[in-house]
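What follows is the residue order along each chain.
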Amino acid sequence: MGRAHALALGILCLVACGRGDRPGQIEVGLPVPEYTAETLQGEPVSLSALRGRVVLLNGWATWCIPCQREVPALQKLYEERRAEGLEIIGVNVDVGGADDRVRQFMSTYGMKYPVWRDPGDIYSSIFRAYGLPASYLVGRDGVLRWHQVGEVDPNTPSFRAALTAALAEPAPA
């Protein structure tokens, strides 16, 4: 195969992979896929069980410096907006056997919001998160309202607007 042919094939693949109608696509305005994990106590948890609440899923790891930096702002946001229906879920993707390290991280950084464990990092595959931290704001109806790979600043206009709009929506019947 010639170089030009390989390049054309690569571009075609990128275009085809970027289509908006492929199953499991993570795009604002579309329902998020089902996602399950476990608590630090080993209890099963699922995103669908949080339907009716606005959920900020925040994928992180103990070794991730931007993850460490964003926790205080996320904790403050959780405390300020939880009564309005905001649930922040920290999805930890450290490999197996890291529960003590995760608990130490939570204590060190004052993390009080719930943490789900995903040592197989299914989170990154399902949500197509190619970096950490990776955050996804899900409306009460299970539709993605905002997402970002990189540190979340709760004062960013796009995030604030998406969060305010999501919290203003009524819970689905």
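Residues numbered from 1 in each chain as written. Predicted model: local features only at pLDDT ≥ 70, side-chain atom pairs only at ≥ 80, totals over all residues. Heavy atoms only, no water.

## Quick notes on the pattern of salt bridges
Okay, step 1: Tallying each qualifying case throughout the model produces 10 salt bridges.
Okay, step 2: Across the pair R69 and E151 runs a salt bridge whose closest N-O atoms are separated by 2.8 Å. Within this pair, whereas R69 is found in helix α2 (residues 65-81), its partner E151 is found in the loop between β7 (144-149) and α5 (157-168), the two being separated by 82 residues in sequence.
Okay, step 3: A salt bridge links R101 to D94, with the shortest nitrogen-to-oxygen separation between them at 3.4 Å.
Okay, step 4: Residue R101 is classed as partly exposed on the basis of its relative accessible area, which comes to 44%.
Okay, step 5: One connected set of salt bridges, linked through shared partners, spans R53, R82 and E87. (Salt bridge = Lys/Arg side-chain N within 4 Å of Asp/Glu carboxyl O. Helix = DSSP H or I, 4+ residues; strand = E, 2+ residues; numbered from the N terminus. Buried < 20%, exposed > 50% of the residue type's maximum accessible area, 1.4 Å probe, protein only.)

## Examining the packing of aromatic side chains
Okay, step 1: Counting across every chain of the model gives 10 aromatic pairs.
Okay, step 2: When the centroid spacing of 4.4 Å and the interplanar angle of 25° are considered together, the rings of W60 and F105 count as stacked. A residue pair is termed long-range when its members are at least 10 positions apart, and W60 in strand β3 (residues 54-60) and F105 in helix α3 (residues 99-108) qualify at 45 residues. Per residue, the accessibility class of W60 equals that of F105, and both read buried.
Okay, step 3: Taking the centre distance of 5.2 Å and the plane angle of 40° together, the rings of Y123 and F127 count as tilted. Of the two residues, Y123 and F127 both sit in helix α4 (residues 122-127), 4 residues apart, roughly one turn of that helix. The burial state of Y123 is the same as that of F127; both residues are buried.
Okay, step 4: Members of the aromatic cluster, connected to one another through ring pairs, are Y35, W116, Y123, F127 and Y136. (Phe/Tyr/Trp six-rings, centres within 6.5 Å; stacked < 30°, edge-to-face > 60°.)

## Some remarks on the confidence of the model for the protein chain
Okay, step 1: Taken as a whole, the protein chain shows an average pLDDT of 88; of its residues, 86% reach a score of 70 or greater.
Okay, step 2: Every residue in residues 1-23 scores below 50 in pLDDT, and together they form 10 contacts with partners more than four places removed in sequence or on other chains. (pLDDT = per-residue confidence, 0-100. Contact = heavy atoms within 4.5 Å.)

## Some remarks on α2
Okay, step 1: For α2, built from 17 residues, the straight-helix expectation of 24 Å at 1.5 Å per residue is met to within 8% by its first-to-last C-alpha distance of 25 Å.
Okay, step 2: The largest bend in α2 is about 35°, located at V71, with the proline P72 one to four residues further on.
Okay, step 3: Those residues of α2 hidden inside the fold are in contact with β3, β4 (86-92), α3 and α5. (Expected span 1.5 Å × (residues − 1). Bend = angle between axes of the 7 residues up to and from the residue.)

## Overview of the side chain of T62
Okay, step 1: By secondary structure assignment, the location of T62 is in the loop between β3 and α2.
Okay, step 2: At 2.4 Å, the side chain of T62 and the side chain of D94 are in polar contact.
Okay, step 3: In contact with T62, other than residues within four places in its own chain, are Q68, N92, D94, R101, V102 and F105. (Polar contact = N/O pair within 3.5 Å; in protein donor to acceptor, adjacent residues only side chain to side chain.)

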